[in-house]
Amino acid sequence: MERQYKLLAGIDWATEQHEVCIIDGERRIVDQRKVAHSGTEIAAFITWLTAQSGGHPETIAVAIEVPRGAIVESLVERGFHVYSINPKQLDRFRDRHTNAGAKDDRLDAFVLADSLRTDTQCFRRIRLDDPLIIKLRELGRIDEELCEEFSRLTNRLREQLHRYFPQMLAFCPAADEQWLWALWEKVQSPQAVVKRLKKHHIAIELRKHRVRRVTAEEIHRELITPALPVGPGVTEASVEHIESLLPRLRLVHQQRKECARKVEAVLDSMPFEDASGQKVEHRDVDILQSLPGVGRCITATVFAEASQPLADREYHVIRALAGTAPVTRQTGKQGQPGSRRQVSVLMRRACNPRLRNAVYHMSRVAMQRDSDCKRHYAELRGRGHSHGRALRALGDKLLRILCAMLRSRTLYRVPVPPISQPGEPCAIAA
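Here goes a summary of the coordinates provided. (Residues numbered from 1 in each chain as written. Predicted model: local features only at pLDDT ≥ 70, side-chain atom pairs only at ≥ 80, totals over all residues. Heavy atoms only, no water.)

**A look at the overall build of the protein**
A count of helices and strands for the protein gives 17 helices and 8 strands. Seen through its principal axes, the protein has C-alpha atoms that stretch 90 × 70 × 65 Å. Every one of the 430 residues in the protein was classed for burial, and the buried ones make up 40%. When contacts within the protein are restricted to residue pairs at least 6 apart in sequence, those whose partners lie at least 24 apart make up 59%. Roughly 24300 Å² of accessible area belongs to the protein as shown, and the carbon and sulfur atoms make up 51% of that amount. Put simply, the protein has 68 plus and 54 minus side-chain charges, and the middle of one group is 6 Å from the middle of the other. (Helix = DSSP H or I, 4+ residues; strand = E, 2+ residues; numbered from the N terminus. Buried < 20%, exposed > 50% of the residue type's maximum accessible area, 1.4 Å probe, protein only. Contact = heavy atoms within 4.5 Å. Areas by Shrake-Rupley, 256 points an atom, 1.4 Å probe, with all protein chains shown as cover. Lys, Arg positive; Asp, Glu negative; His and termini not counted. Charge placed at Lys NZ, Arg CZ, Asp CG, Glu CD.)

**Topic: the pairing of strand β3 (residues 29–36)**
Two faces make up the sheet, and in a regular strand the side chains alternate between them. Relative to β3, strand β2 (residues 17–24) is paired through 7 bridges, and the arrangement is antiparallel. Its bridge partner being in β3, Val 20 is matched across the sheet by Arg 33. The antiparallel pairing of β2 with β3 creates a hairpin that spans 4 residues between the two strands, and Arg 27 there sits at a positive phi of about 75°. (Pairing = 2+ DSSP bridges.)

**A word on the pattern of salt bridges**
Two side chains carrying opposite charge are able to pair once their charged atoms lie near each other. By the definition in use, this model includes 25 salt bridges. Between Asp 91 and Arg 94 there is a salt bridge whose closest N-O contact spans 2.6 Å. Within this pair, Asp 91 and its partner Arg 94 are both found in helix α3 (residues 87–94), separated by 3 residues, close to a single helical turn. A salt bridge links Arg 354 to Glu 144, with the nearest nitrogen and oxygen atoms 2.6 Å apart. (Salt bridge = Lys/Arg side-chain N within 4 Å of Asp/Glu carboxyl O.)

**Considering the sheet that holds strand β5 (residues 81–84)**
The strand order across the open sheet formed by 6 strands is β3-β2-β1-β4-β5-β6, and the pairing between neighbours is mixed. Single-partner strands in this sheet number two, and they are β3 and β6 (124–125). On the sheet, helix α1 (residues 39–52) packs against β1 (7–12), β2, β3 and β4 (60–64) and is oriented at approximately 160° with respect to β3. (Axes fitted to C-alpha atoms, helices over the stretch in contact; angles between N-to-C directions.)

**Details of the pairing of β4**
Most of β4 sits inside the fold, with 5 of its 5 residues counted as buried. Of the two faces of β4, the one carrying Ile 60, Val 62 and Ile 64 and the one carrying Ala 61 and Ala 63 are both buried. Relative to β4, β1 is paired through 5 bridges, and the arrangement is parallel. Looking at the pairing, Leu 7 lines up with Ile 60 of β4. Pairing of β4 with β5 involves 4 bridges; the strand directions are parallel.

**A look at the packing of α1 against helix α2 (residues 70–77)**
At a minimum axis separation of 11 Å, α1 and α2 run at an interaxial angle of 35°. Helix-helix and strand crossings are classified by hand; for α1 and α2 the assignment is right-handed. Every residue of α2 that contacts α1 at Ile 42, Ile 46 and Leu 49 is listed here: Ala 70, Ile 71, Ser 74 and Leu 75. A per-class count over the contact of α1 with α2 returns 6 nonpolar, 1 polar and no charged. (Left-handed = near helix turned anticlockwise from the far one by under 90°. Nonpolar A, V, L, I, M, F, W, Y, C, P; charged D, E, K, R; others polar.)

**Focus on the environment of Gln 32**
Within the secondary structure layout, Gln 32 lies in strand β3. For Gln 32 and Asn 357, which are 325 residues apart along the polypeptide, the C-alpha to C-alpha distance reads 42 Å. Not counting the four nearest positions on each side in its chain, Gln 32 is found in contact with Val 20, Cys 21 and Arg 106. Among the polar contacts made by the side chain of Gln 32, one reaches the side chain of Arg 106 at a distance of 2.5 Å. (Polar contact = N/O pair within 3.5 Å; in protein donor to acceptor, adjacent residues only side chain to side chain.)

**Things to note about the packing of aromatic side chains**
This model, assessed by the stated rule, comprises 4 aromatic pairs. With a centroid separation of 6.3 Å and 55° between ring planes, the pair formed by Phe 150 and Trp 181 is classed as tilted. Linking Phe 150 in helix α5 (residues 131–164) with Trp 181 in helix α6 (residues 178–187), this pair joins segments that are 31 residues apart in sequence. By relative accessible area, Phe 150 is classed as buried at 7%. (Phe/Tyr/Trp six-rings, centres within 6.5 Å; stacked < 30°, edge-to-face > 60°.)

**Observations regarding the side chain of Gln 167**
Tracing the backbone through its elements, the reader meets Gln 167 in the loop between α5 and α6. Residue classification places Gln 167 among the buried positions, given a relative accessible area of 6%. Dropping the residues within four chain positions of it, Gln 167 is found in contact with Glu 222, Leu 223, Thr 225, Pro 226 and Ala 227.

**Concerning the environment of Val 365**
Inspection of the secondary structure puts Val 365 in helix α15 (residues 353–369). Sequence-wise, Val 365 and Val 294 are 71 residues apart; in three dimensions their C-alpha atoms are separated by 8.1 Å.

**Section: the packing of helix α8 (residues 199–208) against helix α9 (residues 216–223)**
Between α8 and α9, whose axes approach to 9 Å, the crossing angle comes to 125°. When the axes of α8 and α9 are compared, the pair comes out oblique. Our pair here, α8 against α9, has a crossing hand that is right-handed. Across from Lys 199, Ile 202, Ala 203 and Leu 206 in α8, the residues of α9 making contact are Ala 216, Glu 217, Ile 219 and His 220. Among the residues making up the contact of α8 with α9, the classes are represented as 5 nonpolar, 1 polar and 2 charged. (Parallel < 35°, antiparallel > 145°, perpendicular 65-115°, else oblique.)

**So, the nonpolar core**
Core analysis: the largest hydrophobic core is formed by 75 residues, its most contacted members being Leu 157, Leu 161, Phe 165, Trp 184 and Leu 402. Here this core takes 11 residues from helix α10 (residues 234–268), the largest share from any one element. Once residues lying within four places of it in the same chain are set aside, the contact partners of Leu 402 are Ile 287, Leu 288, Leu 291 and Leu 310. Leu 49, Val 62, Val 72 and Val 76 belong to the second largest nonpolar core, which has 20 residues in total. (Core = buried A, V, L, I, M, F, W, Y, C linked by side-chain atoms within 4.5 Å.)

**Here we look at the side chain of His 385**
On the secondary structure map, His 385 appears in the loop between α16 (371–382) and α17 (387–408). Residue class for His 385 comes out buried when judged on its relative accessible area of 15%. Setting aside residues no more than four positions away along its own chain, His 385 makes contact with Leu 380 and Ala 390.

Written as C-alpha cells, this is what we have:
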C-alpha cells in the first residue's frame, strides 16, 4: 500500500442509492449505510466521513468501481484517496468471501473495502482531470454521435436516390457532399434535368463548393442519360422523403464543423506547462501531433481517453488501453503425452474502443506517409503477420516513441529549413 490508512471505505455505486461499507485496518466493520444520489445526501455523507477522519481526509481510502461521477469528484476534492477497480476484478475478489455465487450491494461494498486493504496494487488511484480534458472528452463524444447520425442520414439519402435517380450518385456514391444536395434541389427528378438544369448551373455549384475533381460537362452528360423506370408515385414519394432529410443533413453537417472548431480551440489553449507548473518549450499536444499519422481527431481522442497515463508517461498502461499490448496464454501440456508446452499470443479485446480506433488509424496513416513506418510495416508483413497485427505492432512502436518523446520533451521530427543558394536570403532570417 502507499500508506497505512485509518479507515477503508467501499462504495457500491448505483443510480439511486449507493451502498457504503467502512472497515478499519483489522477488517472490522465500522459502519454500513445507504447514501441517496442527491446533493444533500452526498454532502452529508462526506461531512460525516471527514469527521471520522479527525479532519485528515487523506487517512481514509475509498474504493469504487466507477472512476467518475458526483460522489467520486466530491470525495477527491475534499482530499480523500479514491481508488477504482475493474468490475471483472471485483467479481474475482467476491469469490474470496462466498463460493455460492451470492451477490448483493452490501457484500460488494464490503468486498471493495476489504480488497483495497489487501490488494491496493490492483486498484488505480483517481485524480480529477483538467477542465480542458473534461471538455475535450465531451466534445469527442458529441463528435462521435454526430458522425453516426450523419452516416445514418446519408445512407437513407443514398437509398432514396438509388431508388429512382441513380445518376446523381455517379460522382458522389456516398451522397455526403453539399454540392450534391444543392444540385438535387435544382432538379429533384430525372424528368426535370433537361427542362431546368443547364451546364452553367452545375458549374456555379461546383465553384461554390470548390469541387475540381469533376467538370460540369461530365455531370450534365451523366444526368441526361435515360431515367430508371419506376412505378407510379415512386418519384413523388422519394422526393418527399429527401426533402425531409436535407434540412437534418445540413444541420448535422454544420454541427460537426462547429464541434471541430471547438476541439481545435481546446487543443490550442493547452498550456505550455508540465505537471510541476514549469514552462516547457514543446507542449504535449505539439509532441503528439509531430508523430506521423496524427491529426486533430486522433490528438483529441488520445488526450480525452488516456489523459492520466499520458501525463504520467506510463507506456504500458497506454498500450493496454489502446489494445496494442497482446495477451499471452501459456498452458501446460495439452493433447497427447509428450506434447510441447503451448504458447499463444492473442489480440487484446479488453481495451478502450475509442483509443484503439485512434491508434489504428494513426498507424494506418503513418504506414502510408512515413518511410520509417512503411519499412517497419513491410518487415512485419514479411514475417507473416496479418495486416491488422502489423498495424497493431506499428501502433505499439509509435506509442513507445511517444512516451520517450514526452519524457525528453522532443518532437518526432523537427523540420529542417532549406539551404539558401548564393544570392538568396537565408531561410532562418526570413
